[in-house]
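Spelled out from the first residue to the last, the chains are:
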Amino acid sequence: MRVIFMGTPDFALAPLAEIFGRGHDVVGVYTRAPKPAGRRGLELTPSPVHAAAERYGLSVFTPKNFRETEAIEQFAALDADVAVVVAYGLILPRPVLEAPQFGCLNLHASLLPRWRGAAPIQRAIMAGDAETGVEVMRMEEGLDTGPIAMVEKLAIGPDMTAGEAHDRLSILGADLIGRALAALERGGLQFRPQDEEGVRYAKKIDKAEARVDFARPAQEVHNLVRGLSPFPGAFFEADFGKGLERVKILRGALAEGAGQPGQILDATPLVACGEGALRLIEVQRAGRGPVSGEEFFRGARLAVGDSLAQTQDAAL
């Protein structure tokens, strides 16, 4: 089939590779324009999908938006059978959605209608969901409102991070979109409308949400840590003798323990929460690499009985 692929981040790499590897004619790849990066922010860095498309020898398009007639006409001129959209990042107007013969298929990382929007993987884990998945839907003008064709579910383990779920869903999604295109090609791809109940929106992660509140139950803190690991990372701020410093918690584990919220209960280190406690398995101090919780405890010269919540409260 003649396919336009539209995607930007790492999550879209496996689906692009699957489509290309199955021998479809990828007539164009749309991705976000290169962004400034590097230490000084002067070097323009292409998106992961952009770099991959160039390795495959595919034509790449990076319009800022589709408000201009020229961008829409360029898209339509590719004469695609279908467009596949995977975490692209731009709003597609009706003329774009209707340009390919079979419309635009979106690979979305949630079990719709739950978690429509920008951060479905993170939101599912932060909410403590037991499962998530990937779905192929036909795109409409609404936000992730289109009918569903195929789904693949993934159980969310009690300690699974967003990064781990992201990688597994990308692989599952690649296989799913490959099968969906095969079904579409033979005329066997069927759609069903989304349920009207159970709609939840996965808004972008706000930086303020990433701050850990040890007064919350340990399970909620654990879900926050998992949902924001590895990026942007749940964090607390503490003073280790040189002023306030941000510390990300990359991995934690629920454990029994009681004390004042934020109090360090042992050298592993185990930190008391509003209910229960969280053991810090892997953390990262500002400007440093990830280390084990025990190494962090020793390096920060903390002591059992110290309170992380007290130093954090001082920063608010």
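Just above, that's the structure.
(A) Spatial organisation of the overall build of the protein. Tallying secondary structure elements over the protein gives 9 helices and 17 strands in all. Projecting the C-alpha coordinates of the protein onto the three principal axes gives extents of approximately 65 × 45 × 30 Å. Every one of the 316 residues in the protein was classed for burial, and the buried ones make up 47%. Across the protein, the fraction of contacts at a sequence separation of at least 24, relative to all contacts at a separation of at least 6, is 65%. Of the roughly 15600 Å² of accessible surface on the protein, 49% is carried by carbon and sulfur atoms. Distance from the positive charge centre (35 side chains) to the negative charge centre (41 side chains) of the protein: 4 Å.

(B) Spotlight on the sheet that holds strand S1 (residues 2-7). One open sheet accounts for 7 strands, arranged S5-S2-S1-S6-S7-S9-S10; its pairing is mixed. Each having just a single partner strand, strand S5 (60-61) and strand S10 (148-155) make up the two edges of the open sheet. Of the strand pairs in this sheet, S1 and strand S6 (residues 82-86) are connected by 5 bridges, and their pairing is parallel. Residue pairing for S6: Ile 4 is matched across the bridge by Ala 83. Each of S1, S6, strand S7 (104-108), strand S9 (131-138) and S10 touches helix H6 (residues 162-185); the most contacted strand, S10, lies at about 155° to it.

What counts, and where the lines are drawn
- Residues numbered from 1 in each chain as written.
- Predicted model: local features only at pLDDT ≥ 70, side-chain atom pairs only at ≥ 80, totals over all residues.
- Heavy atoms only, no water.
- Helix = DSSP H or I, 4+ residues; strand = E, 2+ residues; numbered from the N terminus.
- Buried < 20%, exposed > 50% of the residue type's maximum accessible area, 1.4 Å probe, protein only.
- Contact = heavy atoms within 4.5 Å.
- Areas by Shrake-Rupley, 256 points an atom, 1.4 Å probe, with all protein chains shown as cover.
- Lys, Arg positive; Asp, Glu negative; His and termini not counted.
- Charge placed at Lys NZ, Arg CZ, Asp CG, Glu CD.
- Pairing = 2+ DSSP bridges.
- Axes fitted to C-alpha atoms, helices over the stretch in contact; angles between N-to-C directions.

Don't take any of this as a statement about function, it's just geometry.
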